[in-house]
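Results of the structural survey
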Amino acid sequence: MTFIDILIKLRRIVRSVNLESKRVEKEQGISIPQLLCLQFLSEQEEYRAKASKLKEFLNLNASTITGIINRLEKKGLIAKLPKANDKRVTLISLTAKGMELIQTAPITFQQKLSEKLQALPPKKLKTIVEGIDLLTELMEVEEIEASPIVTSEEFPSE
């Protein structure tokens, strides 16, 4: 295998993620990070959480989380509610409309890949991790912040 083969395979990965992200957005009307936000809320007690918990889960900066929350709120998929015993704290709560969207949402590329990675024998998983670590080192991208979610917004339009 030559270095060109590696670059082609990387390009295939980038392109497939880009196409998947666009497909989900077209079909559901929301981005993958927005969908993951709704899914996270659906798994929380009383279907609500602080924005900081969403930020931590998605590993995104505060301004990005604020944008996601604002867009979801405008669509009626979430609501901002004051915490019962502390009005200074705002909770992000999943609405019935948001729950309905989650129940009809397709399984994402990330979900499928996560399941397949978890099913790998530890030795194979270690080999993949070592290979990815080496690639990020060679590409000199170790210090770039990244969430565990890859979206089309991260790539230039095709």
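As shown above, the structure is provided for reference.
Structural notes, computed from the coordinates.

Conventions and cut-offs
Residues numbered from 1 in each chain as written. Predicted model: local features only at pLDDT ≥ 70, side-chain atom pairs only at ≥ 80, totals over all residues. Heavy atoms only, no water. Patch = residues over 30% accessible without salt bridge, like charges linked within 9 Å, V, L, I, M, F, W, Y side chains within 5 Å. Areas by Shrake-Rupley, 256 points an atom, 1.4 Å probe, with all protein chains shown as cover. Salt bridge = Lys/Arg side-chain N within 4 Å of Asp/Glu carboxyl O. Helix = DSSP H or I, 4+ residues; strand = E, 2+ residues; numbered from the N terminus. Phe/Tyr/Trp six-rings, centres within 6.5 Å; stacked < 30°, edge-to-face > 60°. Buried < 20%, exposed > 50% of the residue type's maximum accessible area, 1.4 Å probe, protein only. Contact = heavy atoms within 4.5 Å. Axes fitted to C-alpha atoms, helices over the stretch in contact; angles between N-to-C directions. Parallel < 35°, antiparallel > 145°, perpendicular 65-115°, else oblique. Nonpolar A, V, L, I, M, F, W, Y, C, P; charged D, E, K, R; others polar.

Moving on, we get to a nonpolar patch on the surface. Together, F3, I4, L7 and I8 line one region of the surface with nonpolar side chains, adding up to about 400 Å² of accessible area. Along the chain, I4 turns up in helix α1 (residues 3–28).

How two aromatic rings sit relative to each other is set out by the distance from centre to centre and by the angle between their planes. If you walk through the whole model with that rule in mind, you get one aromatic pair. An angle of 25° between the planes, with centres 4.6 Å apart, marks the rings of F40 and F57 as stacked. Of this pair, F40 sits in helix α2 (residues 32–42) while F57 is found in helix α3 (residues 51–58), placing the two residues 17 residues apart along the sequence. Look at F40 and you get buried, because its relative accessible area is 10%.

Mapped onto the fold, G76 is located in the loop between α4 (62–74) and β2 (78–83). Assessed through its relative accessible area of 28%, G76 is described here as partly exposed. Taking C-alpha positions, G76 is 6.8 Å from K97, a pair spaced 21 residues apart along the chain. In this view, G76 contacts T95 and K97; residues no more than four positions away in its chain are not counted.

Two elements in contact, α2 and α4, have axes whose closest approach is 10 Å; the angle formed by their N-to-C orientations is 75°. As judged from the angle between their axes, α2 and α4 are roughly perpendicular. Counted together, P33, Q34, C37 and L38 of α2 and I68, R71 and L72 of α4 form the full contact between these two elements. Per-class residue counts for the contact of α2 with α4 are five nonpolar, one polar and one charged.

So, on to the side chain of S93. For S93, the location among the structural elements is in strand β3 (residues 86–94). Its relative accessible area of 7% is what places S93 among the buried residues. Apart from residues lying up to four places away in sequence, S93 is in contact with L41, Y47, R48, L77, I78, A79 and L81.

This part covers unusual backbone geometry. Despite not being glycine, Y47 has its phi angle at roughly 55°, a positive value. Relative to the helices and strands, Y47 is located in the loop between α2 and β1 (48–50). Not every positive phi belongs to a glycine, and N59 is a case in point at roughly 55°. If you trace the backbone, N59 turns up in the loop between α3 and α4.

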